[in-house]
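The primary structure of each chain is shown beneath.
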Amino acid sequence: MRWLLPVLCVWLMAWPAAAQDGLHDRPVLVLDPGFHTAPIRRADVDEAGRFAVTASEDRNVRLFDAADGRLLRTLRLPTGPGNVGKAYAVAISPDASLVAAGGWTNAAARGGHPIYLFDRKSGALVQRLDGLPDVVNHLAFSPDGRFLAASLWGANGVRVYDRDADWAEVFADQDYGDSSYGAAFTKDGRLATTSDDGRIRLYGPGPAFAKRAEITAPDGARPFGLAFRPQGDRLAVGYEDTTAVSLLDTTTLTPRQVPDTADLTGGNLSKIAWSADGETLFAGGSYPLSGRSEVIAWAEAGTGARRALPASANTIMSLAPLPAGDLLVAATDPYLARLATDGTSLWTLGPPQANFRAVSAGALNVSADGTVVDFGYEPSGANPARFDLAALDLTLDPTADDRTAKPRHDGLPVENWFDHTRPTLDGEPLPLQPHEISRSLAIHPAGDRFVLGADWSLRAFDDTGTELWQRPAPGVTWAVNVTGDGRLVVAAYGDGTLRWHAMGDGRELLALFPLQDRKNWVAWTPEGYYAATPGAHGVLRWHVNRGWDEAPEAIPVENVAGLRRPDVLPLVLQELDVVRALGLAQFAADRRAIVRATGASIAPGARLHVLAMGVSDYGDAARHLRLSYAHKDALDVASALASTQGGDFGLYAKVNRHVLRDGEVSKVAMLRALDSMRGRMAKGEGRDVAVVHFSGHGALVDGSLYLLPHEVDASSPSMIEATALPVGMLRDKIAKLAEHGRVLVLLDACRTGGVTGDDVDFGLDARSLRSQLARANVTVLTSSTAEEDSIEREVWQNGAFTEAFLDALNAADHDRNGLISVSDLAGYVALHVPELTEGAHRPDVDQNFTGELFVSGS
């Protein structure tokens, strides 16, 4: 595959020379739409209010111009599997020279969870501070920029680093009972911290940071954010478990007058900030619980009148004062805004992606083959859209139709699957991670499996509750669906992506990122083959680690020649394998190139000729022979072969399809159709393939076999002989076809139970057919023996033999080469027809040629 070499060479050059313990050792795909795609955990500003920095779970730290919100730089953390690289904490030095970032940086081989120091101007990683035993929750520089404090997850306390000692650790207090989320300095160098152990601690000044005071938080159990008033006389503290806010003396931590929060109920006001002049106290968090979150502002240094400033739609995570009384607000939406003193927004940055929250009730609808998906850009499926992968087309406000279906929620006793930590099957708990919430459910069309979407995972279970597989989720799995053909799982994630997974093992096959502008999108495979609208170029990038001591790079996928392959994407869903999809796409591209170069109207290569005949209605003279789905069998076989085996991506340059149903299936019409097929095959230079399919009744009269067309007179043996098609005549026509190529004969000619006549058996014996039709270049598959009744079922909308054949086009590729051979097909039908009919049908085969026949659909 010479066409793969340029791509592989680029990747190889991008890999670091040595293995990176704990980091991704190869390029990984990331999204960079110019703003965060996951919750912002912290934000900060420099002393002059020129720059704003943010840290996000999307593993990026971003630097903005605080005046207008313009993105200046993206700082990337070294990343690895799972959570490694998620940024939970960020701080900018007062002089704006350094940006400190931390979080789930997990460098076990390097001493825990390091803090990274970046040069603000160049973006270079200038230093790594090691030795931290757990995740960094919060970072804060002292007002003079000398000290950097870090609050840690778990009972690990606080650490302080000194710039004048080359950022060595100069202080640590590990005597904490739980996680610390808050740290703040006074101008004279004192340090205060909060902890989930319910304690507020005061140290200082540095570099010794001796403990000066420690109290139990007076107004809540879980103190979180805190901030010193610029004048240094008051410390404000917010809580995670209440809307109360404490004001404390900065020397003794003695409580002072409490800000008015008496009628603020629900949620919390856990994030705290003072205005630059110290006259206004700000607090925000998850208050209120519904609608837009608000920033509460108290005048008179926190003791005066209260007002509310509307902010984000979700939990506020950081408040940072700016000059002239403005306020920077960051939230989990993700959301970043600069609010003026009157609460108006001077600029706002919101989510660049669709918001799939609360769509589990059925707003994620998918077509049977997974190529069409309906979703909403806003929560609960609002602002609906449709993406057609085959056409690479995004449609807004699509017309309701039956192309897509909702996820199935019935058929298995799955309970507590929506917004619950203990989902169950038949009363038994299903495994999730501790504290993980189940968000979405889809039951497989067969009713024997189901998929559960949760906060951090996507999981499949069988009908006994045994876990079949689980995959990490790139965000909350807000919705899942299983395609009607049972082959694919489609999930809507919190990072704004829709992703297609193989139902068999959960492998990700394809992803789609629709931008919030409702015009642009990018779709890609995990290997980097992609398609994108012009407005989405640069959004998809290769993240490349350069080790623990260098900042990673993010290289746009379009910089790698050959990865833009829109023709490959739908084929990946068809084949469940990117290599096979690439092969088919390349085959199709070469075929089109020949047509363009030669000016021909038909592409070179073998052609497939299909004659499908089905009789359900036998007319007035043979009403007792009526079937339910034989006419549909013929249409379904012809349609399946025409749609999957020809055109750009099929095995054949062209599919010639001829369907005869019910009244069209006369003896004369059958013979004419066979003659017409022979004429077309004669032009194929022996490379063409013919499929002759008959679904209906057969008869045995005086030892001779017949196929029964519409309007057959079944009143007597002689009338059958006069009006039916002798299998001997069919044999002669088949032999003529075989002179020009291979012929596959599919005969589903069973009897209707209890229908017999004098000297007539309404059914065709497989062994008799084999002896009649057997010859070189002809393979015959028959449905049953003469003694076996025809079996059709409403759930299939087909006969058993046809149902197995249609399934085989998707599932008979035993050697996984993307093609179905004659042996694959015969083996699959022989195995699955008895399964479908509980042993009532025993198909037979007479195979007289080998080789590949069809492109596999899976």
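Everything numeric in this text was worked out from a predicted model, so none of it was measured.

Novice: Tell me about the confidence of the model for the protein, residues and numbers included.
Specialist: For the protein, the average pLDDT comes to 87, and 90% of its residues sit at 70 or higher. Every residue in residues 1-19 is under pLDDT 50, and counting partners more than four places away or in other chains gives 19 contacts. This model gives residues 752-758 a pLDDT under 50, and the stretch forms 14 contacts once residues within four places in sequence are excluded.

Novice: Explain the packing of aromatic side chains residue by residue, including any values.
Specialist: In this structure the tally under the stated criterion is 14 aromatic pairs. Aromatic pair Phe141 and Trp167: ring centres 6.1 Å apart, planes at 75°, arrangement edge-to-face. With Phe141 in strand 10 (residues 136-141) and Trp167 in the loop between strand 12 (158-162) and strand 13 (168-173), this residue pair connects regions lying 26 residues apart in the sequence. Side by side, Phe141 and Trp167 carry an identical accessibility label, which is buried. One aromatic cluster is present, formed by Phe147, Phe171, Phe185, Tyr203 and Phe209 through successive ring pairs. Arg41 extends its terminal NZ or CZ atom over the ring of Tyr88, reaching a point 4.1 Å from the ring centre.

Novice: An account of the packing of helix 4 (residues 630-645) against helix 9 (residues 800-811) is needed here, citing residue identities and associated values.
Specialist: For any two helices packed against each other, the geometry is given by the interaxial angle and the distance between the axes. In the contact formed by helix 4 and helix 9, the axes pass within 10 Å of each other and the chain directions differ by 10°. Judged by the inter-axis angle, helix 4 sits roughly parallel to helix 9. For the pair helix 4 and helix 9, the contacting residues are Asp633, Asp636, Val637, Ala640 and Leu641 in the first and Thr802, Phe805, Leu806 and Leu809 in the second. Residues that form the contact of helix 4 with helix 9 fall into these classes: six nonpolar, one polar and two charged.

Novice: Describe in detail the pairing of strand 20 (residues 245-249), supporting the description with residues and values.
Specialist: The buried fraction of strand 20 is high, at four of five residues. The sheet contact formed by strand 19 (residues 234-239) and strand 20 spans five bridges and is antiparallel. Counterpart to Leu235 in the pairing with strand 20 is Leu248. Between strand 19 and strand 20, which pair antiparallel one after the other, the connecting turn spans five residues.

Novice: Give me the sheet that holds strand 8 (residues 115-119): which residues, what numbers.
Specialist: Spatially, four strands are ordered 6-7-8-9 in an open sheet, and the strand pairing comes out antiparallel. Edge positions in the sheet fall to strand 6 (86-92) and strand 9 (125-129), since each has one partner strand and no second. With direction set aside, neighbouring strand axes in the sheet form an average angle of 25°. As defined by bridge partners, strand 8 adjoins strand 9 across four bridges and the pair is classed as antiparallel. Bridge pairing links Phe118 to Leu125 in strand 9.

Novice: Could you give an account of helix 4, naming the residues involved and the relevant values?
Specialist: Since the α-helix turns once every 3.6 residues, residues separated by three or four places project in the same direction. Taking 1.5 Å of rise per residue, the 16 residues of helix 4 would be expected to cover 22 Å, and the 22 Å separating its terminal C-alpha atoms lies within 8% of that figure. Turning to helix 4, its buried residues number three or more, namely Ala630, Asp633, Ala634, Asp636, Val637, Ala638, Ala640, Leu641 and Gln645.

Novice: Pulling in residues and values, what's your account of the packing of helix 9 against helix 10 (residues 822-836)?
Specialist: Remark: helix 9 packs on helix 10, axes separated minimally by 9 Å, with the N-to-C direction vectors making an angle of 130°. Judged by the angle between their axes, helix 9 and helix 10 are oblique. Helix 10 is crossed by helix 9, and the crossing has right-handed handedness. Contacts from Ala800, Phe801, Glu803, Ala804, Phe805, Asp807, Ala808 and Ala811 in helix 9 reach Leu825, Tyr828, Val829, Val833 and Leu836 in helix 10.

Novice: I'd like to hear about the sheet that holds strand 2 (residues 40-45), residue by residue, with values.
Specialist: Taken together, the four strands give an open sheet; going across it, the order is 2-3-4-5, and neighbouring strands pair in antiparallel fashion. Here the strands that pair on one side only, and so sit at the sheet edges, are strand 2 and strand 5 (71-76). On average, adjacent strands in this sheet sit at an angle of 20° to one another, irrespective of strand direction. Of the pairings in the sheet, the one linking strand 3 (residues 51-56) to strand 4 (residues 60-65) comprises five bridges and is antiparallel in character. By the bridge assignment for strand 4, Phe51 is matched with Asp65.

Novice: Tell me about the nonpolar core, and please be specific about residues and values.
Specialist: Core analysis: the biggest nonpolar cluster contains 53 residues, and Phe375, Leu498, Trp500 and Val522 have the highest contact counts within it. Other than its neighbours up to four places away in sequence, Leu498 contacts Phe356, Leu364, Val373, Phe375, Ala491, Ala492, Leu510, Ala511 and Leu512. Of all hydrophobic cores here, the second largest spans 38 residues; its members include Met681, Ala714, Leu725 and Leu747.

Novice: Give me the lowdown on unusual backbone geometry, citing residues and values where you can.
Specialist: Here the bond from Gly204 into Pro205 is cis, since omega is -10°, no more than 30 degrees from zero. Looking at where Pro205 falls in the secondary structure, it is placed in the loop between strand 16 (199-203) and strand 17 (211-216). Cis geometry marks the peptide bond from Asp333 to Pro334; its omega dihedral reads 5°. Of note, Pro334 is situated in the loop between strand 26 (327-331) and strand 27 (335-339). Its identity is not glycine, yet His435 carries a phi of approximately 70°, on the positive side.

Novice: Let's hear about the side chain of Arg541: which residues, and what values?
Specialist: Mapped onto the elements, Arg541 comes out in strand 46 (residues 540-544). Among the polar contacts made by the side chain of Arg541, one reaches the main-chain carbonyl oxygen of Gly538 at a distance of 2.9 Å. A polar contact of 3.2 Å, which involves the side chain of Arg541, links it to the backbone oxygen of Ala554. Excluding residues within four positions of it along the chain, Arg541 makes contact with Val28, Leu29, Val30, Asp32, Arg76, Ala554, Ile555, Pro556 and Val557.

Novice: Talk me through the environment of Ser318; I want residue IDs and the actual numbers.
Specialist: In this structure, Ser318 sits in strand 25 (residues 316-321). Judged by its relative accessible area of 6%, Ser318 falls in the buried class. Residues Ser318 and Thr54 lie 264 residues apart in sequence; the distance between their C-alpha atoms is 9.3 Å. A polar atom in the side chain of Ser318 sits 2.9 Å from the backbone nitrogen of Ala43.

Novice: I'd like to hear about the pattern of salt bridges, residue by residue, with values.
Specialist: All chains considered together, the criterion is met by 48 salt bridges. Arg128 serves as the salt-bridge partner of Asp130, at 2.7 Å between the closest nitrogen and oxygen. Judged by relative accessible area, which is 17%, Arg128 ranks as buried. The partner of Lys211 in a salt bridge is Glu214, with the nearest N and O atoms 2.8 Å apart. With relative accessibility at 40%, the residue Lys211 sits in the partly exposed group. Given a relative accessible area of 28%, Glu214 falls into the partly exposed group. Overlapping salt bridges bring together Asp173, Asp197, Arg199, Arg201, Lys211 and Glu214 as one network.

Parameters at a glance
Residues numbered from 1 in each chain as written. Predicted model: local features only at pLDDT ≥ 70, side-chain atom pairs only at ≥ 80, totals over all residues. Heavy atoms only, no water. pLDDT = per-residue confidence, 0-100. Contact = heavy atoms within 4.5 Å. Phe/Tyr/Trp six-rings, centres within 6.5 Å; stacked < 30°, edge-to-face > 60°. Helix = DSSP H or I, 4+ residues; strand = E, 2+ residues; numbered from the N terminus. Buried < 20%, exposed > 50% of the residue type's maximum accessible area, 1.4 Å probe, protein only. Lys NZ or Arg CZ within 6 Å of the ring centre and 35° of its normal. Axes fitted to C-alpha atoms, helices over the stretch in contact; angles between N-to-C directions. Parallel < 35°, antiparallel > 145°, perpendicular 65-115°, else oblique. Nonpolar A, V, L, I, M, F, W, Y, C, P; charged D, E, K, R; others polar. Pairing = 2+ DSSP bridges. Expected span 1.5 Å × (residues − 1). Left-handed = near helix turned anticlockwise from the far one by under 90°. Core = buried A, V, L, I, M, F, W, Y, C linked by side-chain atoms within 4.5 Å. Polar contact = N/O pair within 3.5 Å; in protein donor to acceptor, adjacent residues only side chain to side chain. Salt bridge = Lys/Arg side-chain N within 4 Å of Asp/Glu carboxyl O.

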